[in-house]
Amino acid sequence: MPKNGQTQQFNKAAFQAAVEKHLTTTYASTDETATARSWYLAMGKALAEISTGNLLATEKNLAEQKARSVNYLSLEFLIGRLTGNNLISMGLYENVAEAMEEMGQNLTDLLEEERDPALGNGGLGRLAACFMDSLAAQEYPAVGYGLHYEYGLFRQSFVDGRQVEAPDAWRGIEGYPWEVLRPELSQEVSLYGHVEGYTDENGVECRRWVPAMSVEGVAWDLPIVGYDNKSVYPLRLWECRSNAPFSLARFNDGDYVGAQYSALEAGNVTKVLYPNDNHDQGKALRLMQQYFHCACSVADILRRHEAAGNSIESLSELETIQLNDTHPTIAIPELMRILMDEYKLGWESAWEISSKTFAYTNHTLLPEALETWSEALIQQMLPRHMEIIFEINHRFMKQVEQTWPGNNEVKRKLSIIQEGPQRMVRMANLCVVSTYAVNGVAALHSELVKRDLFPEFNELFPGRLTNVTNGVTPRRWIKYCNPGLSALISEKVGNDWPANLEKIAGLEKFADDAAFQKRYMAVKKENKQRLANWVEENMGIELDTDAIFDIQIKRLHEYKRQHLNLLNILALYHRLLNDPTFDMHPRVFFFGAKAAPGYALAKDIIFAINKVAEKVNNDPRLGGKLKVVFIPDYRVSLAEILFPAADVSEQISTAGKEASGTGNMKFAMNGALTIGTMDGANVEMREEVGDENIFIFGLLVDEVQKLKQEGYDPYRYYHADSLLRAAMDLLETDEFTPGNPGQLAAIRHNLLEGGDPYLVLADFADYVKTQEKIDAEYRDQKTWARKAILNTALMSKFSSDRSIRDYANNIWKLEPVSL
Ligand code: GL4
């Protein structure tokens, strides 16, 4: 039982009355007409009353204490359902279950009524959600700033195996019960127009922005409830509304239609989340989203700072702003603009404050994900910001000249402005130049940031580039999603492990205990059954829980190599049908993945997996040994069923491409063994669990680079390996698309002729061999159980509580403040 949570304050009768009140007055239902959904909504509202009270109390306390805070700016917060998790953090799960039971409602069923707020694409957005949870759990003062998208990440379905996207109206028509509107925090955001010079009353030459239009930013707060404490931090999401009259000049000019058009555009700003992960699309509306997010957030940070009676000069002492990737970079020139144009500070003073306030996290090395914005576009939408960016670059170039005199090549490389037919602003360069700390998200990734991405910056700013290895919250990713395992852990190491994951190491000594192994594996079996039930009910596929549950869940991307997994499946299919001596333990290969709507090859891979699944799952010749299940509409709430049910975790990206991964950590905590490359956080997971307890395969980063330099020739592997050939050639036939040969050929073509930068064929043989090893080892259930237990026991490093402490101690210099 939490020690200082809200349990003591819980008054069951009052809570039930609040639920009743919301049922009738908020949702216009009676006990007779209420649906499960209205009960869930009323319950959510009654709970939100408690969390909102604590949110206001936390806000007040932090302002009074003049506590230093972190402001986490992110275009994505993939928080998933809040109700179950908040109940656990509030220490009210059992109390509320009982209260609802007395009202004739089953809590577990009601929790299923909540739609996932899918305000993120994948790992980057989910990390932000785990970080907010860990900030609140450890009471490091924080505000999360994001966007209140009307539509979250699209909903996915399959029609004849192909991905179809539909809009995700996550709030439903009733609105989301946990969110609370903060009208008093509204901000006005300017856009377009021009810059003019003027002389102020002291005769100083100044610049100012004369915007052409403005929109309104409205704040919605979602409560981030601290586990086992009273603090509740806001996740503040900005919604864009168009101002009236939004474009006074145009309106007065008689350009009525033009003015309306701007209003339409502005109303669109927070309409939808861009569905790209690890890919920059460069659309003007996206830049508007980014600026809108930054303008509202920076203004709100300054408002809080001033309201607490602090001087602008002390900003960097009391506030730090963490940029989650480059998406909120425009916050930097925005703060500079406000400091200079509104607070009338000179460049040096403004820079002194700004460059000590911002820090930046890099989440990817993929060139196509590194954001650049056309100078012309910024110039048009944000003319004063463009001017400031030029000035930052001008001063920075002088610094480069001092270090590398006359070296134009290094200048070209480091410049914030990329020359070319269309000049572009490199957002990552702007970040590195303008922040006090830059971090990668796993040890290997951070080394590559220093060595390959920003070597000169590392020389120029020694110590600025650093590492904070990612983590995940053990509250959602063990305690909430895996109650069976949680009970087992608590029994052995006590029940304070969710807030102190180091304690979980206490399980290590039970790894060889036969009785414990049995119970641990029984929990795994129950979790596999829960997943099997879901699949049966939702997809009509029957599964055997004695089979190995092998799971790859993440965004669909060539670098993550779902198609390598597919090739192994095709190889198994081929061997089962053609090699009488071949035997394998039954295995179910699960996939869950959304492809960016414009990413054709990713969609082809989804189609291929679905087509192979259709055939394989219904082919009696395979004797039920091989099943393939592509879970549609993969999302946080499904992840909560999938992670606990896995025996094998697929982490098979090309070495050097996956910055960290966080699903890898969730799997291992829940006792899945990893098959993975030496990439991202896999490297550190191997360090923690030891080489015997993880299945590592494939080329290393340096081998990848070397092979590419020498010239990767996929045919070399294709010709040398008959199994690979058999698997690849199946894609040309109509084996899986009867009557339509060649429907899956795009993948084969890409791997052989498309100059595949992810070297799929080069890693195939080792991957197959390592999968065979897994097959053999799974048959020895005792050894398997031992390894699985050790994976759970040795994952404490990957709690996001540890990540947040690293940020707090090494970057933010933040102290906890308890309520
Ligand atoms: C990502 C990385 O691809 C992923 O490896 C990492 O775990 C995550 C959080 O740091 O960030 N970068 C982008 S872009 N999307 C991601 O998921």
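Note that the structure is predicted; figures quoted are calculated from it, not measured.

Caption draft 1: Inspection of the sheet that holds strand β14 (residues 424-426) at higher detail. Across the sheet, which stays open at both edges, the three strands sit in the order β12-β14-β13 with antiparallel pairing between neighbours. The open sheet has two edge strands, β12 (372-374) and β13 (417-418), and neither has a second partner. Both β13 and β14 contribute to a ladder of two bridges, which runs antiparallel. Of the residues in β14, the one forming a bridge with Q418 is M424.

Caption draft 2: The arrangement of empty space enclosed by the protein in detail. Taken as a whole, this structure holds five cavities of 30 Å³ or more when the rule is applied. As a volume, the second largest cavity reaches approximately 120 Å³. Taken together, 13 residues make up the lining of the second largest cavity; nearest its centre are L82, N85, A129, D133 and R476. Elements supplying a minimum of two residues to the lining of the second largest cavity: α3 (83-90), α6 (123-137) and β8 (213-225). Broken down by element, the residue count for the lining of the second largest cavity peaks at four residues, all from α6. Here the lining of the second largest cavity is composed, by residue class, of seven nonpolar, three polar and three charged.

Caption draft 3: Layout of the sheet that holds strand β20 (residues 648-651). Strands sit in the order β19-β18-β17-β20-β21-β22 across an open sheet of six strands; the sheet is parallel. Whereas interior strands pair on both sides, the edge strands pair on one side only; in this sheet they are β19 (626-631) and β22 (695-696). In this structure, strand β18 (residues 587-592) lies alongside β19, joined through six bridges in parallel fashion. Residue pairing across strands places F590 opposite V629, the latter belonging to β19. Against the sheet, helix α21 (residues 514-539) touches β17 (548-553), β18 and β19, its axis set at about 75° to β19.

Caption draft 4: Spatial organisation of the side chain of H327. Tracing the chain through its elements places H327 in the loop between β10 (319-324) and α11 (331-342). In this structure H327 comes out as buried when scored by relative accessible area, which is 12%. In this view, H327 contacts L75, L124, R286, Q290 and E371; residues no more than four positions away in its chain are not counted.

Caption draft 5: Main features of the packing of aromatic side chains. Applying the stated rule across the entire model yields 26 aromatic pairs. Judged by centre distance (6.1 Å) and plane angle (80°), the rings of Y72 and F131 are edge-to-face. Of this pair, Y72 sits in strand β1 (residues 69-73) while F131 sits in helix α6, and the two are 59 residues apart along the sequence. The same class applies to Y72 and to F131, which are both buried. A connected cluster of aromatic rings, assembled from ring pairs, spans Y72, F77, F131, Y807 and W812. The ring of F510 carries K492 above its face, with NZ or CZ at 4.5 Å from the centroid.

Caption draft 6: Fine view of the pattern of salt bridges. All chains considered together, the criterion is met by 65 salt bridges. The salt bridge involving E239 is made with R241; its shortest N-O contact spans 3.5 Å. Take E239: its relative accessible area is 19%, and that puts it in the buried class. Using a relative accessible area of 34% as the deciding quantity, one classes R241 as partly exposed. Because the salt bridges share partners, they merge into one network encompassing E59, R182, E184, D221, R236, D300 and R303.

Caption draft 7: Main features of the domain arrangement of the chain. Split by domain assignment, the chain resolves into domain 1 (1-65 + 83-114), domain 2 (67-81 + 116-370 + 436-469) and domain 3 (526-798). Placing the centre of domain 1 and that of domain 2 at their C-alpha centroids yields a distance of 30 Å. Counting from both sides, the interface comprises 33 residues of domain 1 and, opposite them, 31 residues of domain 2. Interface area for domain 1 against domain 2, summed over the two sides, is near 2,700 Å², with a carbon-plus-sulfur share of 52%. Three residues, L55, S89 and E114, lead the burial of domain 1 against domain 2; their summed loss comes to 21% of the area buried on that side.

Caption draft 8: Just the packing of helix α31 (residues 760-778) against helix α32 (residues 781-793), in detail. Relative orientation of the contacting elements α31 and α32 amounts to 110°, with a least axis distance of 7 Å. Our classification of the angle between α31 and α32 gives roughly perpendicular. Contacts between α31 and α32 involve I774, E777 and Y778 from the former and Q781, W784 and K787 from the latter. Residue classes in the contact of α31 with α32 are distributed as three nonpolar, one polar and two charged.

Caption draft 9: Representation of the pairing of strand β15 (residues 437-440). Of the two faces of β15, the one carrying A437 and N439 and the one carrying V438 and G440 are both buried. Note: strand β11 (residues 358-361) against β15, three bridges, orientation parallel. Across the sheet, residue A359 finds its bridge partner in β15, namely A437. Bridge analysis of β15 against strand β16 (residues 465-467) gives three bridges, and the strand direction is parallel. Residue pairing for β16: N439 is matched across the bridge by T466.

Caption draft 10: Expanded view of unusual backbone geometry. Phi at A28 is positive, roughly 50°, even though this residue is not glycine. Within the element layout of this structure, A28 appears in the loop between α1 (12-26) and α2 (36-65). Owing to a relative accessible area of 68%, A28 belongs among the exposed residues under this scheme. The backbone of E139 shows a phi angle near 55°, a positive value even though the residue is not glycine.

Caption draft 11: Geometry of the site of the ligand. Of all residues adjacent to the ligand, which total 13 residues, the nearest are N278, H363, N470, E658 and G661. The separation between an oxygen atom of the ligand and a polar main-chain atom of L124 is 3.0 Å. A659 places a polar main-chain atom, nitrogen or oxygen, 3.4 Å from an oxygen atom of the ligand. Protein contact buries 96% of the 390 Å² of open area that the ligand shows by itself. Of the residues in the shell around the ligand, the class split is five nonpolar, six polar and two charged. When residues of the shell around the ligand are sorted by domain, at least three fall in each of domain 2 (67-81 + 116-370 + 436-469) and domain 3 (526-798).

Caption draft 12: Broad picture of the environment of G671. Relative to the elements of secondary structure, G671 occurs in the loop between α25 (663-669) and β21 (673-676). Taking the C-alpha atoms as reference points, G671 and K787, separated by 116 residues in sequence, lie 8.1 Å from one another. Beyond its immediate stretch of four places on either side in the chain, G671 contacts Y520, K524, A646, A788 and T792.

Caption draft 13: The arrangement of the side chain of S29 in detail. Position of S29 among the secondary structure elements: in the loop between α1 and α2. Within the structure, the side chain of S29 is placed 3.0 Å from the backbone oxygen of Y27, a separation counted as a polar contact. Ignoring anything within four residues of it in the chain, the contact list for S29 reads L23, T24, A34 and S38.

Caption draft 14: Examining the layout of surface pockets more closely. Its volume calculated, the largest pocket comes out at about 1,200 Å³. In terms of lining residues, the largest pocket is bounded by 45 residues, among which I88, Y93, K479, Y480 and P483 are the most central. Residue assignment for the lining of the largest pocket shows that the elements contributing at least two residues are α4 (93-102), α5 (107-111), α19 (474-480), α20 (483-493), α21 and α24 (636-642). Grouping the amino acids of the lining of the largest pocket by side-chain chemistry returns 18 nonpolar, 13 polar and 14 charged. Lining the second largest pocket are 24 residues, with L365, P367, L370, D452 and L453 positioned closest to its centre. Breaking the lining of the second largest pocket down by element, the ones donating at least two residues are α15 (408-414), α16 (427-434), α17 (443-453) and α27 (701-710). Element by element, the count of residues in the lining of the second largest pocket is highest for α27, at four residues. Of the residues belonging to the lining of the second largest pocket, the class tally is 13 nonpolar, five polar and six charged.

Caption draft 15: Just α27, in detail. Among all positions in α27, only V701, V704 and L707 are buried. One side of α27 holds all its buried residues, which, seen down the axis, span an arc of 130°. More than 90 degrees from the buried face of α27, the exposed residues found are Q709 and E710. Tucked into the core, α27 has its buried residues touching α17, α28 (714-720) and α31. A positive phi of about 100° marks G711, the residue just after α27.

Cut-offs applied
Residues numbered from 1 in each chain as written. Predicted model: local features only at pLDDT ≥ 70, side-chain atom pairs only at ≥ 80, totals over all residues. Heavy atoms only, no water. Pairing = 2+ DSSP bridges. Helix = DSSP H or I, 4+ residues; strand = E, 2+ residues; numbered from the N terminus. 1 Å grid on protein atoms, 1.4 Å probe; cavity = no way out; pocket = protein on both sides within 12 Å on 5 of 7 lines; lining within 4 Å. Points joined across faces, edges and corners; volume = space filled by probe spheres on them. Nonpolar A, V, L, I, M, F, W, Y, C, P; charged D, E, K, R; others polar. Contact = heavy atoms within 4.5 Å. Axes fitted to C-alpha atoms, helices over the stretch in contact; angles between N-to-C directions. Buried < 20%, exposed > 50% of the residue type's maximum accessible area, 1.4 Å probe, protein only. Phe/Tyr/Trp six-rings, centres within 6.5 Å; stacked < 30°, edge-to-face > 60°. Lys NZ or Arg CZ within 6 Å of the ring centre and 35° of its normal. Salt bridge = Lys/Arg side-chain N within 4 Å of Asp/Glu carboxyl O. Domains from an automatic or database assignment. Buried area = accessible area lost by both parts, 1.4 Å probe. Parallel < 35°, antiparallel > 145°, perpendicular 65-115°, else oblique. Near = heavy atom within 4 Å. Polar contact = N/O pair within 3.5 Å; in protein donor to acceptor, adjacent residues only side chain to side chain. Areas by Shrake-Rupley, 256 points an atom, 1.4 Å probe, with all protein chains shown as cover. Arc of directions from axis to C-beta.

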